[in-house]
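Each chain, letter by letter, is given below.
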Amino acid sequence: MSAASSAVTAVPAAESTTAIAHFAARLAFETDVSDVAADLAAGVPDVVVVDTRGVQAWLQGHVAGAVHLPTGEIAARAAEVVPTGATVVTYCWGPGCNGATRAALEFARLGHPVKEMIGGFEYWAREGLPVETSEGVSRRAPDPLTAPVLGVSCAC
């Protein structure tokens, strides 16, 4: 590649109205671990965080304040776990897993407003947010590659 060519601009950026529609749509479908943590800490009503992993993963550790509803059980149990009108936030292991996406699809099929927590449990734990197990709630030191070590938010 010559100095004058660009890998970034080889395909031009979308025009503004298309970019606005794209990025607004992404925010309608996704939320991040920091925003979920802020809502849980503030006790925001009508937001239900759902861990969609299996029992062994849940027992290994989960978002403090989440409810456990494996993807395969959503159709049968969503009504008992999610109040009518509540926004569901799904998560699975991490960015390499599409389990939260499959779960979000199931909730959407049932008519629930839903968002996927990008980064999943991996980034929740890596950012030093509260993790719950049968032994209680703990926090690990934030990974400096994912979060500021002196705070819980990137302030973005």
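Only a predicted model underlies this, so the values are computations on that prediction, with no experimental measurement involved.

**Q** Could you clarify how one ought to interpret the pairing of strand β6 (residues 114–118) in this entry?
**A** Regular strands show a simple pattern: their side chains alternate between the two faces of the sheet. Bridge count for strand β1 (residues 30–32) against β6 is three bridges, and the pairing is parallel. Within the sheet, the bridge partner assigned to Thr31 lies in β6 and is Met117. Bridge count for strand β5 (residues 87–91) against β6 is three bridges, and the pairing is parallel. When the sheet's bridge partners are listed, Thr90 is paired in β6 with Glu116. A crossover links β5 with its parallel partner β6, the connecting element being helix α5 (residues 99–109), and its sense is right-handed.

**Q** Looking at this model, I keep getting lost on the sheet that holds strand β7 (residues 131–133). Mind explaining?
**A** Each strand in a sheet pairs with another by means of backbone hydrogen bonds, the pair being arranged parallel or else antiparallel. Reading across from one edge, β3-β7-β8 is the order of the three strands in this open sheet, with antiparallel pairing throughout. Whereas interior strands pair on both sides, the edge strands pair on one side only; in this sheet they are β3 (62–63) and β8 (136–138). Relative to β8, β7 runs antiparallel, the two sharing three bridges. Note on β8: the bridge partner recorded for Glu132 is Val137.

**Q** I would appreciate a short explanation of the packing of aromatic side chains in the present structure.
**A** Aromatic rings in a pair are described by how distant their centres are and how their planes are angled relative to each other. Tallied over the entire structure, the rule returns two aromatic pairs. Taken together, a centroid distance of 6.4 Å and an interplanar angle of 25° make the contact between Tyr91 and Phe121 stacked. Note that Tyr91 is positioned in strand β5 and Phe121 in helix α6 (residues 120–126), a separation of 30 residues in sequence. Among the residues examined, Tyr91 registers a relative accessible area of 0% and is labelled buried. Ring geometry for Trp93 and Phe121: centres 6.3 Å apart, planes at 70°, overall edge-to-face. With a gap of 28 residues between them, Trp93 in the loop between β5 and α5 and Phe121 in helix α6 connect regions that are remote in the sequence. For Trp93, a relative accessible area of 37% corresponds to the partly exposed category. Residue classification places Phe121 among the buried positions, given a relative accessible area of 9%. One aromatic cluster in this structure is built from Tyr91, Trp93 and Phe121. For the cation-ring pair, Arg126 lies above Tyr123, with the distance from its terminal atom to the ring centre recorded as 5.0 Å.

Cut-offs used in this document
Residues numbered from 1 in each chain as written. Predicted model: local features only at pLDDT ≥ 70, side-chain atom pairs only at ≥ 80, totals over all residues. Heavy atoms only, no water. Pairing = 2+ DSSP bridges. Helix = DSSP H or I, 4+ residues; strand = E, 2+ residues; numbered from the N terminus. Right-handed = clockwise from strand over helix to strand, strands pointing away. Phe/Tyr/Trp six-rings, centres within 6.5 Å; stacked < 30°, edge-to-face > 60°. Buried < 20%, exposed > 50% of the residue type's maximum accessible area, 1.4 Å probe, protein only. Lys NZ or Arg CZ within 6 Å of the ring centre and 35° of its normal.

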